[in-house]
Amino acid sequence: MSNYKRVSGDAVEYEVFARKTRVEPLHQVGSVVAPDDDLAMAYARATYDEERWCEMAIVRKEHVIELWSPGEV
Amino acid sequence: MSLSDLVLSLADNKQMLGLRYAEWATRAPSLEADIAAAAMGLDDLGHSRVLYGCLEPLGADPRAPERESDPATLRNLAYFDEPWTEWSQFVAANAILDTAFTVMIEACVGGSVDVLQHRLRKMLMEERYHFLHGRSWLRSGIDAGPLDRAWLEAIEWFGPSDGETAALHREGKLSMGPAELRTRLEEQLEAKAPRANTDWKTWDPVRRRSRPGAVDAHTFAMLRGLEEKKYAPPTAAKQA
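Residues numbered from 1 in each chain as written. Chains lettered and ligands numbered in written order. Predicted model: local features only at pLDDT ≥ 70, side-chain atom pairs only at ≥ 80, totals over all residues. Heavy atoms only, no water.

### A few points about the overall build of chain A
Scanning chain A from N- to C-terminus turns up one helix and three strands. Helices (α) and strands (β) of chain A occur, in sequence order from the N terminus, as β-β-α-β. Each of the 73 residues in chain A was classed as buried or not, and the buried ones make up 32%. By sequence separation, contacts in chain A at least 24 residues apart represent 46% of the contacts at least 6 residues apart. Here chain A has roughly 5,000 Å² of accessible surface; of this, 51% comes from carbon and sulfur atoms. (Helix = DSSP H or I, 4+ residues; strand = E, 2+ residues; numbered from the N terminus. Buried < 20%, exposed > 50% of the residue type's maximum accessible area, 1.4 Å probe, protein only. Contact = heavy atoms within 4.5 Å. Areas by Shrake-Rupley, 256 points an atom, 1.4 Å probe, with all protein chains shown as cover.)

Structural data, given as structure tokens:
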């Protein structure tokens, strides 16, 4: 995940995950910025719905617990 | 008035909602909102195509030839007559009117008519995201003017308690009548519709609206494909 932040005001950054088939794992397809979960879901669906995903999920970037970052090991 | 008339009203309104959404695809407050406006516009234009396609199986297509020449024969709500100039108009339409149309689609899917039960079901999945978008922006606070107007036009669009929508409900073709539709809309939006004294005597049961007027000339020309023709190359016949 990128360390680039484009959040301002009350907005929150969300990472978007999706997969096309049940046998593949969820992987990150992008991110959206929104003030709440509802709008983040609407934005994620609108922005990343070009492909036929069988599953899509979002998570607040601040909720991701980082074990280490690039350059730390 | 028939179920076909109601479906045509729904189709015309979805088409106009889709067009008005699309007009905001580069004017919304954020890039994400721009993309959402474009995506919701595409969804609603697609829904209108599906709804127009239901008219033939329903048995009676109420579209008359005058639709090609007279914008006042289109069945869109007055809210869509002119392009929106304020973001709050977009939000009120997204939250109130789009949800009102979804509630009517729920009534069609829950009713006894096969073609509507099957063809409209997928719309409800797509509309979930329109609802989340509208509700979230609504919570951020918008002007009362567009909000009150959208509520008024939504309640009017459901129709009077003794009108055709109520009759379709009694016949089982719709799973909800005007009172149930209004209650469902209020539950969805967690808000009460403002008090309004609709004069049903002046209400147009075909266009399901009280206000006179029609869609603006530019939009009507676009709907008829005339705007596109301005940019078309001259035909071989004209060149000769």
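### Some words on a nonpolar patch on the surface
A cluster of nonpolar side chains, contributed by Ile65(A), Leu67(A), Trp68(A) and Val73(A), occupies part of the molecular surface with about 580 Å² of accessible area. Turning to its location among the elements, Trp68(A) is positioned in the segment after strand S3 (55-60). (Patch = residues over 30% accessible without salt bridge, like charges linked within 9 Å, V, L, I, M, F, W, Y side chains within 5 Å. Salt bridge = Lys/Arg side-chain N within 4 Å of Asp/Glu carboxyl O.)

### Thoughts on the pattern of salt bridges
In total, this model carries 25 salt bridges over all chains according to the counting rule given. The partner of Arg19(A) in a salt bridge is Glu55(A), and the shortest N-O contact between them spans 2.7 Å. With a gap of 36 residues between them, Arg19(A) in strand S1 (residues 12-19) and Glu55(A) in strand S3 connect regions that are remote in the sequence. According to the relative accessible area criterion, Glu55(A) is partly exposed, its value standing at 30%. Taking the shortest distance from any N to any O, the salt bridge between Arg60(A) and Glu62(A) comes out at 3.4 Å. The partly exposed category is assigned to Arg60(A), whose relative accessible area is 24%. According to the relative accessible area criterion, Glu62(A) is exposed, its value standing at 55%. Three or more residues are tied together by salt bridges with common partners; here these are Asp38(A), Arg135(B), Arg139(B) and Glu190(B).

### As for the confidence of the model for chain B
Chain-level pLDDT for chain B is 93 on average; 97% of the residues reach the 70-or-more range. The complex model carries a pTM of 0.89, and its ipTM stands at 0.81. (pLDDT = per-residue confidence, 0-100.)

### Looking at the nonpolar core
All names here are of chain B. Counting residues in hydrophobic clusters, the biggest one holds 76 residues, and the most contacted among them are Phe80, Trp84, Leu97, Leu116 and Leu120. When residues in this core are grouped by element, the largest group, 16 residues, is from helix H3 (residues 87-109). Once you skip the residues sitting within four places of it in the chain, Leu116 turns out to touch Leu3, Val7, Cys54, Leu58, Cys108 and Val109. (Core = buried A, V, L, I, M, F, W, Y, C linked by side-chain atoms within 4.5 Å.)

### Describing the interface of chain A and chain B
Tallying the contact residues gives 12 residues for chain A and 17 residues for chain B. Summed over both partners, the interface of chain A with chain B comes to about 1,200 Å²; 58% of that surface belongs to carbon and sulfur atoms. When the area that chain A buries against chain B is broken down by residue, the three leading residues are Asp38(A), Tyr43(A) and Arg45(A), summing to 48%. Between chain A and chain B we count three salt bridges in total. Put simply, Arg139(B) and Asp38(A) hold a salt bridge, and the shortest N to O gap is 3.7 Å. Of all the secondary-structure elements, those providing two or more residues to the side of chain A that touches chain B are strand S2 (27-34) and helix H1 (37-48) of chain A. Top element by residues in the side of chain A that touches chain B is H1(A). It accounts for eight residues. Taken together, the residues of the side of chain A that touches chain B break down into seven nonpolar, one polar and four charged. (Buried area = accessible area lost by both parts, 1.4 Å probe. Nonpolar A, V, L, I, M, F, W, Y, C, P; charged D, E, K, R; others polar.)

### As for empty space enclosed by the protein
Taken as a whole and judged by the stated rule, the model has one cavity of 30 Å³ or more. By residue class, the composition of the lining of the largest cavity is five nonpolar, two polar and one charged. (1 Å grid on protein atoms, 1.4 Å probe; cavity = no way out; pocket = protein on both sides within 12 Å on 5 of 7 lines; lining within 4 Å. Points joined across faces, edges and corners; volume = space filled by probe spheres on them.)

### Focus on the environment of Gly71(A)
All names here are of chain A. Tracing the backbone shows Gly71 in the segment after S3. With relative accessibility at 77%, the residue Gly71 sits in the exposed group. As a C-alpha pair, Gly71 and Pro35 span 36 residues in sequence and 32 Å in three-dimensional space.

### Focus: helix H6 (residues 144-158) of chain B
All names here are of chain B. Helix length check: H6, at 15 residues, gives a terminal C-alpha distance of 21 Å against a target of 21 Å (1.5 Å per residue), a fit within 8%. Among the residues of H6, those classed as buried are Pro146, Leu147, Ala150, Trp151, Glu153, Ala154, Ile155, Glu156, Trp157 and Phe158. Buried residues in H6 make contact with helix H1 (3-23), H3, helix H5 (121-139), helix H7 (164-170) and helix H8 (178-189). Immediately beyond the C-terminal end of H6, within one or two residues, lies Gly159, with a positive phi of roughly 95 degrees. (Expected span 1.5 Å × (residues − 1).)

### Remarks on unusual backbone geometry
Residue and element names in this part refer to chain B. Here the phi dihedral of Glu190 falls at roughly 50 degrees; this positive angle occurs in a residue that is not glycine. With respect to the element layout, Glu190 can be found in the loop between H8 and helix H9 (217-223). By relative accessible area, which is 57% here, Glu190 ends up exposed. The residue Arg208 is not glycine, and still its phi comes out positive at about 55 degrees. By relative accessible area, Arg208 is classed as buried at 1%.

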